[in-house]
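# Chains, contacts and geometry: an overview
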Amino acid sequence: MSEETKNKTIYVIGHCNPDTDSICSAIAYADLKRKLTGEKYKAKRAGQVNSETKFVLQYFGVNQPGYLPDVRTQVKDIEIRKIQGINRNMSIRRAWEKMTENSVVTLPVVEKDDHMIGLITIGDITKSYMNVYDNKILSTAKTPIANILDTLQGELIAGDAEKVIETGKVLIAAANPDLMESYIEKNDVVILGNRYESQLCAIEMNAKCIIVCDGAPVSRTITKLAQDKECTIIKTPYDTYTVARLVNQSMPISFFMKQENLITFTTEDFIDDIRAVMAKKRHRDFPILDKKTGEFIGMISRRNLLDAKRKQLILMDHSERSQAVDGLEEADILEIIDHHRIGSIETMSPVYFRNQPLGCTSTIVYQMFQENAIPIEKEIAGLLCSAILSDTLVFRSPTCTPIDEMAAKDLAKIAGIEIESYAKEMFTAGSNLLSKSPEEIFYQDFKKFTTNDLTFGVGQITAMNQEELEKIKDKLVPYLEKAFRDHGVEMLFFMLTNILQETTELIYEGNGAKELVTNAFNISNPDEKVILEGVVSRKKQLIPLLMMSLQQDNN
């Protein structure tokens, strides 16, 4: 296994209208691969689980695989730069330092639970330095005392660092105390030196905060008076000029951050969709959020898109492009395990392809457990056995081989089930279709096939009695026309298969469908019911004859 494959989840997935074999073989093969390699293999499904498969999964206590309808590359498939969100009260100086330390130009501003409320960029901070503000900017920005302490590397002599500058202006007390009394107002922030008289004057004029420069000492008298008047005293080692230059850098980033019309993406967004959005914006970095919780995850840039890693797949129970999950062309196919005809899927590089003329893909998976001497757990054995019984119609289908039957019987022993009674329960659960809509019935087991640039679809349901099939037919016939339009295929066929009688009634839609059925099965009167005696297998008895007839028509 390559370094690229290691530590990356590999999805094992069946066709887009999954049957019991498609789901069960995916679950079992993912289990086998995990045991063989220790790597992350995960079963997925490309469509809704039908009633029969639900029964099987519930019977053996196995959860449904997660739904994966599209395997195009997503944001979660690229490297997301992890960076910690910052508090809205952080000073712009600290934000600048954090950007420098992390070599970034954008920081997310978050609240509790990492909920993002804004963004601060290096451009925002640059503007804060270059813009000319009035002397009330600290109060306008609601600057915490703690920020001033931090920015000026100050020492708190008196007061509460948790308080916020909400009113007043900033001024430098360079004049004598008599003149100071004329311009210091209540709640002002006063920058001054070591002169006792200036400190006393500022406190008596009800200044909110005095900043004593050059590390000058503050007397006990001044400290006690400041405490009585609720005036904060900060002592800083910086000189007056430096303090005046730095103090604006204590303003909180909340005053400068962007809060509206933020462009964010989620981990589930597809790269194709966000690439166009990113190209239109001049932003360098874009925040990524968790789709479910809204939690901030990290940042990406346009450069990250170049390193996007395709999803890695193992295809189970199909090799037809028309049956595969959406976005397949953007994924890396590593393996294909199938028992059908070799279809139209193309791969970028050589892959492990195992295709055997057996009745069920799960039989192949059973063989692979045996070949690698990996014990099969009871639940996995139950799933594999169920799939074989389903695909072979309990060994009645012409697709069934002695290998399938042997595998099913061995698996039944491991799973602790009696084949005939269990199969009856399973098929009864699967054929309980009368309460379902025509759409649900139609898509229970539907596949598309392509030959000579012609695409047609074939669906199939099985039931234990003819009366149920007749009622289902009454629902399906009107729906076929809609399904035919929706899929844009040339022809559409649907098999109504009676398991016990081993017969199939075929209904169809599309220009040329009647003629194709007539030629393929030598039907003398296609205007009546098309009953195919002994035909129960789509793969071995229906599809080959339809394909052969189509090829003869083209020659």
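Data block above holds the structure.
What you are looking at is a predicted structure, and each value in this text was computed from that prediction instead of being measured. (Residues numbered from 1 in each chain as written. Predicted model: local features only at pLDDT ≥ 70, side-chain atom pairs only at ≥ 80, totals over all residues. Heavy atoms only, no water.)

A separate point is the side chain of S301. Along the chain, S301 turns up in strand 15 (residues 296-301). With relative accessibility at 12%, the residue S301 sits in the buried group. (Helix = DSSP H or I, 4+ residues; strand = E, 2+ residues; numbered from the N terminus. Buried < 20%, exposed > 50% of the residue type's maximum accessible area, 1.4 Å probe, protein only.)

In terms of nonpolar packing, the biggest core is built from 54 residues, with Y29, F369 and L389 touching the most fellow members. Y29 has contacts with V12, I314, M316, E335, I337, Y352, V365 and M368, leaving out every residue within four places of it along the chain. Core analysis: the second largest hydrophobic core is formed by 40 residues, V109, I125, I145 and A161 among them. (Core = buried A, V, L, I, M, F, W, Y, C linked by side-chain atoms within 4.5 Å. Contact = heavy atoms within 4.5 Å.)

Let's shift gears to the sheet that holds strand 22 (residues 503-509). A sheet is described by the order of its strands in space; here 5 strands give the open sequence 19-20-21-22-23, paired in mixed fashion. Of all strands in the sheet, those bounded by a partner on one side alone are strand 19 (446-451) and strand 23 (530-533). Each neighbouring strand pair of the sheet contributes to a mean axis angle of 25°, computed without reference to strand direction. Summarising the sheet, strand 19 and strand 20 (residues 454-463) pair through 6 bridges and their orientation is antiparallel. Following the sheet pairing, F449 is matched in strand 20 by F456. (Pairing = 2+ DSSP bridges. Axes fitted to C-alpha atoms, helices over the stretch in contact; angles between N-to-C directions.)

What follows is about the packing of helix 2 (residues 51-59) against helix 16 (residues 419-430). Between helix 2 and helix 16, the shortest axis-to-axis distance is 7 Å and the interhelical angle comes to 135°. When the interaxial angle is binned, helix 2 and helix 16 end up oblique. Here the hand of the crossing between helix 2 and helix 16 comes out right-handed. Across the interface between the two elements, S51, E52, F55, V56 and Y59 of helix 2 pack against Y422, E425, M426, F427, A429 and G430 of helix 16. Across the contact of helix 2 with helix 16, the residue classes tally to 7 nonpolar, 2 polar and 2 charged. (Parallel < 35°, antiparallel > 145°, perpendicular 65-115°, else oblique. Left-handed = near helix turned anticlockwise from the far one by under 90°. Nonpolar A, V, L, I, M, F, W, Y, C, P; charged D, E, K, R; others polar.)

Right, let's talk about the packing of helix 1 (residues 20-37) against helix 2 for a bit. Direction vectors running N to C along helix 1 and helix 2 enclose 35°, while the axes themselves pass 9 Å from each other. Of the residues in helix 2, those in contact with T20, I23, C24 and I27 of helix 1 are E52, T53, V56 and L57. Split by residue class, the contact of helix 1 with helix 2 holds 5 nonpolar, 2 polar and 1 charged.

With that settled, consider the pairing of strand 14 (residues 285-289). Of all 5 residues making up strand 14, 5 are buried, and the element is well covered by its neighbours. Burial along strand 14 is two-sided: D285, P287 and L289 and F286 and I288, pointing in opposite directions, are all buried. When strand 13 (residues 265-266) meets strand 14, the two strands line up parallel, connected through 2 bridges. Bridge pairing links T266 to L289 in strand 14. Relative to strand 15, strand 14 runs antiparallel, the two sharing 5 bridges.

With that settled, consider the sheet that holds strand 1 (residues 10-13). Read from one edge to the other, the open sheet built from 6 strands follows the order 3-2-1-16-17-18, with strand pairing classed as parallel. Two strands lie at the open edges of the sheet, namely strand 3 (66-67) and strand 18 (352-355), each paired on one side alone. Looking at chain direction, strand 2 (residues 41-45) and strand 3 are connected through 2 bridges and run parallel. Bridge assignment links R45 to a residue of strand 3, and that residue is Y67. Contacts from helix 1 reach strand 1, strand 2, strand 16 (312-316), strand 17 (332-338) and strand 18 within the one sheet, and its direction differs from that of strand 2 by about 170°.

What follows covers the packing of aromatic side chains. Aromatic ring pairs: the centre-centre distance and the angle between the two ring planes describe each pair. With the rule as written, the count across this model stands at 14 aromatic pairs. Consider the rings of F265 and F286, whose centres lie 5.7 Å apart with planes at 40°: the pair is tilted. Of this pair, F265 sits in strand 13 while F286 sits in strand 14; the two residues are 21 residues apart in sequence, bridging distant segments of the chain. Residues F265 and F286 agree in their burial class; the two are buried. What links up through ring pairs into an aromatic cluster is the set F442, Y443, F446, Y479 and F494. Taking the ring centre of F270 as reference, the NZ or CZ of R72 above it sits at 3.9 Å. (Phe/Tyr/Trp six-rings, centres within 6.5 Å; stacked < 30°, edge-to-face > 60°. Lys NZ or Arg CZ within 6 Å of the ring centre and 35° of its normal.)

Right, let's talk about the pairing of strand 16 for a bit. Taking burial as the measure, the 5 residues of strand 16 include 5 buried ones, the bulk of the element. On strand 16, burial covers both faces: Q312, I314 and M316 on one face and L313 and L315 on the other are all buried. Inspection of the sheet shows strand 1 paired to strand 16 by 4 bridges, in the parallel sense. If you follow Y11 over to strand 16, its bridge partner there is L313. When strand 16 meets strand 17, the two strands line up parallel, connected through 5 bridges. Note on strand 17: the bridge partner recorded for M316 is I337.

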